[in-house]
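# Fold and geometry: a report
The chain contents come next:
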Amino acid sequence: MIEVKGLSFSHKGEGNPVLKGVDFKASPGEVTTILGPNGSGKTTLFKCILGIWRSEEGDVLLNGRSIRTLKRAEIAKGVAVVPQDHEPPFPYSVFDVILMGRIAHVGLFASPSQRDKEVAHKAMNTIGIEDMAERPYTRISGGERQLVLIARCLAQEASVMLLDEPTAHLDFKNQIMVLTKVRSIAKERGLTLMMTLHDPNLALLYSDRVLLLNDGTLIAKGEPKEVITKENLMRVYGLEVEFISQNGMEMICPKV
C-alpha cells in the first residue's frame, strides 16, 4: 500500500512548489492512475514516492512505514518501476533484462542464484514472453519491451509497482495489450499498482481509482467516473468534451 499524506515539494532555489499538499491512498489489488497535463507534477510525485526527492512537508508511507526511515535496499525490494523510456547500453538478452529485477535480492559481488533464475523464468512465463528469452532486448518492439520491463518488475517481487506513462510511444494495439496485462497482474497478485497516463479514455477503462493533478494540486480523486467529468477536464485541460455511450461503454471526445 502507498499512503501519501499532505505532500509538498519544491526544487531548491525555486519559489513555486511543484506539489502542494497532495493526499491519497493507493491500495493492493487496485490500479490507481495519475492523470494530468504535462508539468502537473506526475513524475515529481513518483520520485517522492521512491524517496529520490525529499518533500518539505508531508510524508509517504510504504506499507505503513515512512519512506524517510527506509534504506535504499528496502525501497528497492518494496517498489518496482517501469520507466517511460529505457535504452540499455548493451544488447542484453530479454532473459538477462528480466533477471536484473533480482538485483535487490542479490548480495554485493554475488551472482544470481538458481532461485533467482527460476523467479525470472516464472515472471517471463506469467507475462507470456518465454519465447523471447534469447532475443536481444534492443531488437524487440516497443510493446514487447514494455512487457519485458513489467516481467522484470515481477521478478523483483515488490508489493508496489509504478509505471511512468506505460503507453507512451505505443500504437493502439500495444497500448491495450500492455494495460490489460498490468491490470490483470495487479488483481491476481494483489499488487499496489500506480501509473501515469495522458489519455482519460484509457484511465476510464483500466483504473480502479484516478488522481487528477493540475499545477501540483490534487484537483479530484476517487473512482474514474467520479473524477473524469466534463467539468474537471475543462478545469484541468481547458477543453470542452462530450461523453458518447456505445454498447454500454463511454468514450470522451472533444467538442467540435
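Everything here concerns the structure above.
Here the residue numbers are simple positions, counted from 1 along each chain's written sequence. Totals for whole chains, interfaces and linings use all residues, but because this is a predicted model, local features are given only for residues with pLDDT of at least 70 and pairs of side-chain atoms are given and counted only at 80 or more. Note that water and hydrogens are dropped before the side-chain values are worked out from all heavy atoms of the structure.

### Let's talk about the overall build of the protein
Secondary structure elements follow DSSP: runs of H or I of four or more residues count as helices, runs of E of two or more count as strands, with numbering from the N terminus. When its secondary structure is counted, the protein shows 9 helices and 12 strands. By the compact-globule yardstick of 18 Å for 256 residues, the protein fits well, its C-alpha radius of gyration being 19 Å. Reported as C-alpha extents along the three principal axes, the dimensions of the protein are approximately 55 × 45 × 30 Å. Burial status across the protein gives 50% buried among its 256 residues. Sequence separation of 24 or more characterises 65% of the internal contacts of the protein that already satisfy a separation of 6 or more. Counting every atom, the protein has about 12800 Å² of accessible surface; 51% of that belongs to carbon and sulfur. Separation between the mean location of the 31 positive side-chain charges and that of the 31 negative ones in the protein comes to 5 Å. Only C-alpha atoms enter the radius of gyration, while the globule expectation follows 2.2 Å times N to the 0.38, with N the number of residues. Each residue is placed in one exposure class: buried if its accessible area under a 1.4 Å probe, protein chains only, is under 20% of its type's maximum, exposed if it is over 50%, and partly exposed if it falls in between. The contact criterion used throughout is that any non-hydrogen atoms of two residues lie within 4.5 Å. Using a 1.4 Å probe, accessible areas were evaluated by the Shrake-Rupley method; residue-level cover was limited to the displayed protein chains. Here Asp and Glu are counted as negative and Lys and Arg as positive; His is not counted, and neither are the chain ends. For this purpose, a charge sits on NZ of Lys, CZ of Arg, CG of Asp or CD of Glu.

### Side note on the sheet that holds strand β7 (residues 160-164)
Following DSSP output, two strands are said to pair if at least two bridges run between them. The strand order across the open sheet built from 6 strands is β6-β7-β8-β3-β9-β10, with neighbouring strands paired in mixed fashion. The sheet is open, and its two edges are formed by β6 (79-82) and β10 (217-222), each paired on a single side. Across the sheet, the mean angle separating the axes of adjacent strands is 15° when strand polarity is ignored. By the bridge criterion, 4 bridges tie β6 to β7 in an arrangement that is parallel. Looking across to β7, one finds that Val82 is bridged to Leu163. All axes here are fitted lines through C-alpha atoms, helices being fitted over the stretch that makes contact, and every angle between N-to-C directions spans 0 to 180 degrees. The strands touched by helix α5 (residues 142-156) are β6 and β7; relative to β6, the strand with the most contacts, the crossing angle is about 170°. Helix α6 (residues 172-189) contacts β3 (31-35), β7 and β8 (192-197) of the sheet and is inclined by roughly 155° relative to β8.

### Comments concerning the sheet that holds strand β2 (residues 19-26)
If you trace the 4 strands from one edge of the open sheet to the other, you get β2-β1-β4-β5, paired in antiparallel fashion. Each of the sheet's edge strands pairs with one partner strand only, and the pair in question is β2 and β5 (65-66). By the bridge criterion, 5 bridges tie strand β1 (residues 2-9) to β2 in an arrangement that is antiparallel. The partner of Val4 across the bridge, within β2, is Phe24.

### Observations concerning helix α4 (residues 114-127)
Because each turn of an α-helix spans 3.6 residues, side chains separated by three or four positions end up pointing in the same direction. Over its 14 residues, α4 extends 20 Å from the first C-alpha to the last, a length consistent with the 20 Å expected when each residue adds 1.5 Å. Buried within α4 we find Asp116, Val119, Ala120, Ala123, Met124 and Ile127. Here the buried residues of α4 occupy an arc of 135° about the axis, which is enough to place them on one side. For α4, the exposed residues lying more than 90 degrees away from the buried face are Gln114 and Lys122. Lining the buried residues of α4 we find α3 (94-99), α5 and α6. At the C-terminal side of α4, Gly128 shows a positive phi close to 85°. How far a helix is expected to stretch is found by multiplying one less than its residue total by 1.5 Å. The directions from the helix axis to the C-beta atoms form the arc being described.

### Re the environment of Glu30
Mapping Glu30 onto the fold places it in the loop between β2 and β3. Overall, the relative accessible area of 25% leaves Glu30 in the partly exposed class. For the pair Glu30 and Leu45, spaced 15 residues apart in the sequence, the C-alpha separation amounts to 18 Å. Excluding residues that lie within four positions of it along the chain, Glu30 makes contacts with Lys187, Leu191, Thr192, Leu193, Asp208 and Arg209.

### Here we look at the packing of aromatic side chains
A pair of Phe, Tyr and Trp rings is counted when the ring centres sit within 6.5 Å of each other, with Trp represented by its six-membered ring. The angle between the planes then sorts it: under 30 degrees is stacked, over 60 is edge-to-face, the rest tilted. For the coordinates displayed, the defined rule picks out 2 aromatic pairs. Consider the rings of Phe9 and Trp53, whose centres lie 5.2 Å apart with planes at 0°: the pair is stacked. Of this pair, Phe9 sits in strand β1 while Trp53 sits in the loop between α1 (42-49) and β4 (57-62); the two residues are 44 residues apart in sequence, bridging distant segments of the chain. Classification of Phe9 as buried rests on a relative accessible area of 5%. On the basis of relative accessibility, which here comes to 26%, the residue Trp53 falls in the partly exposed class.

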